[in-house]
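Observations on the model geometry
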Amino acid sequence: MAMQKLKSGFSINLGSAALSSLFEGEKEHRVPSAAVVLRESNLFEMAGRMIGHSFLHGGYGVSGISLPVVTLLTGGSTNTAVSALSLLDCPDLDHRETIGFLKNTELTAAETTRVTDLCLSWDLPVPTSTNHDWLFQELLSHAVIHRVRLPIKQIRKGLKETGIWPLLSSRPDVGPIIFPRESNEELKPQAVIQNIHWPEPKSDSDEEEDDPVPLERVSLITGFLRKFIEEASPEVLRDLMRFWVGWELPAKKLFVEVATSTYPTAFTCFYKLKLPGHYQTYLIFHQEMMMAISSVSSGFGLV
């Protein structure tokens, strides 16, 4: 849940929005926010400590961070980071479009004006007929790396405070564990199903329940769940995992219980999904499961 908050944002109103996101950008290209209020609040140092402690305790990493940013967070050089930049790493869509104009052989008057205005705002030379390639790299480097040097430094400081920096900076193979790619975490139905511990028939010696669900109902409901997982898209599976265990990836052991209740509920600390035994059709089961997992799309509240 803590790692999910780093990606989705914290329920802290710092004056501009009810949800304060530390990272911005699209999938696999997220970079630290350049917002001054976030830098001054020391939230990035906190983020570094959260990432470090999650690693130390066998938890998940933060996926989807831009590779050039990961290079700097793990002790790589600025030159190496700059060489790996792409336009997709620029989180500001207007800046991305303006910088992309420099890929054209010739600029229109409107394009020249936009590029010139951006260059002047960042104290860089204006475009000429011979400096497009160089200026493209300078603008992109400024947009992605130079504007967020301090947040990157603060995250590294937080990582160092947890004691993992010597390992992280000297072992390149550790970086992908702490900062994995989202493409490597793509959920598939079989990966979820194989980790589920399905309910087993209770013997006569087991402690009697107050209102046990008949075995045939347990079989029907668990069949509905299996079908739901098998037909779910990767996005729905991620929402299901967030509802079930508090994170986008399945735990090694997922537990299911069919009980007398009204709606699907989850005990994230115990990796247990509790399903009502009253469903008669898969259609109603599917509708209520979708409502349940959509309830966590905005996170788990305050942290």
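Relevant structure appears above.
These figures come from a predicted structure and were not determined experimentally. (Residues numbered from 1 in each chain as written. Predicted model: local features only at pLDDT ≥ 70, side-chain atom pairs only at ≥ 80, totals over all residues. Heavy atoms only, no water.)

1. What about the overall build of the protein?
Per the secondary structure count, the protein includes 15 helices and six strands. At 24 Å, the protein has a C-alpha radius of gyration far larger than the 19 Å of a compact globule built from 303 residues. Along the three orthogonal principal directions, the C-alpha set of the protein runs to about 85 × 45 × 35 Å. Evaluated residue by residue, the protein yields a buried proportion of 47% over its 303 residues. Sequence separation of at least 24 residues holds for 62% of the intrachain contacts in the protein that already meet a minimum separation of 6. In the protein, 28 side chains carry a positive charge and 36 a negative one; their mean positions are 6 Å apart. (Helix = DSSP H or I, 4+ residues; strand = E, 2+ residues; numbered from the N terminus. Rg over C-alpha atoms; globule rule 2.2 N^0.38 Å. Buried < 20%, exposed > 50% of the residue type's maximum accessible area, 1.4 Å probe, protein only. Contact = heavy atoms within 4.5 Å. Lys, Arg positive; Asp, Glu negative; His and termini not counted. Charge placed at Lys NZ, Arg CZ, Asp CG, Glu CD.)

2. Focus: the pairing of strand β6 (residues 272-276)
When strand β4 (residues 254-259) meets β6, the two strands line up parallel, connected through five bridges. Bridged to Ala259 within β6 is Pro276. Connecting strand β5 (residues 265-267) to the next strand, β6, in antiparallel fashion are four residues, including Tyr271 with a positive phi near 55°. (Pairing = 2+ DSSP bridges.)

3. Focus on the sheet that holds β6
A sheet is described by the order of its strands in space; here four strands give the open sequence β3-β4-β6-β5, paired in mixed fashion. Looking at the sheet topology across the chains shown, the edges are occupied by β3 (196-197) and β5. Sheet topology note: the β5/β6 ladder contains three bridges and is antiparallel. Residue Phe267 lies in a different strand from β6, and its bridge partner there is Lys272. Sheet contacts for helix α13 (residues 215-231): β3, β4 and β6; angle to β4, the most-contacted strand, approximately 135°. (Axes fitted to C-alpha atoms, helices over the stretch in contact; angles between N-to-C directions.)

4. A few points about the environment of Thr260
By the element assignment, Thr260 lies in the loop between β4 and β5. Here Thr260 falls in the exposed class, since its relative accessible area comes to 52%.

5. Quick look at helix α7 (residues 109-121)
Between its first and last C-alpha, α7 extends 18 Å over 13 residues, near the 18 Å set by a 1.5 Å rise per residue. Among all positions in α7, only Glu111, Val115, Thr116, Leu118 and Cys119 are buried. Take α7 and look down its axis: the buried residues cluster within an arc of 165°, on one side only. Exposed and facing more than 90 degrees away from the buried side of α7 are Ala109, Ala110 and Leu120. Contact partners of the buried residues in α7: α6 (93-100) and α8 (132-144). (Expected span 1.5 Å × (residues − 1). Arc of directions from axis to C-beta.)

6. What about the side chain of His132?
Inspection of the secondary structure puts His132 in helix α8. For His132, the side chain forms a polar contact with the main-chain oxygen of Asn104, separated by 3.4 Å. Discounting residues that sit within four places of it in the chain, His132 has contacts with Leu102, Asn104, Thr105 and Leu107. (Polar contact = N/O pair within 3.5 Å; in protein donor to acceptor, adjacent residues only side chain to side chain.)

7. Some remarks on the packing of helix α14 (residues 234-245) against helix α15 (residues 282-294)
Contact geometry for α14 and α15: axes closest at 8 Å, N-to-C directions at 70°. Classed by the angle they form, the pair α14 and α15 counts as roughly perpendicular. In terms of crossing hand, the pair formed by α14 and α15 is left-handed. Within the contact between the two elements, α14 uses Val236, Asp239, Leu240 and Phe243 and α15 uses Met289, Met290, Ala292 and Ile293. (Parallel < 35°, antiparallel > 145°, perpendicular 65-115°, else oblique. Left-handed = near helix turned anticlockwise from the far one by under 90°.)

8. Some thoughts on the nonpolar core
One finds Leu6, Leu22, Ile51, Val115, Leu139 and Phe179 to be the most contacted residues of the largest nonpolar core, which totals 51 residues. Contributions of two or more residues to this core are made by α1 (2-8), α3 (43-56), α4 (67-73), α5 (78-83), α7, α8, α9 (149-161) and α10 (165-170). Of all the elements, α8 adds the most residues to this core, at six residues. Excluding residues within four positions of it along the chain, Ile51 makes contact with Met3, Leu6, Val62, Leu159, Ile178 and Phe179. (Core = buried A, V, L, I, M, F, W, Y, C linked by side-chain atoms within 4.5 Å.)

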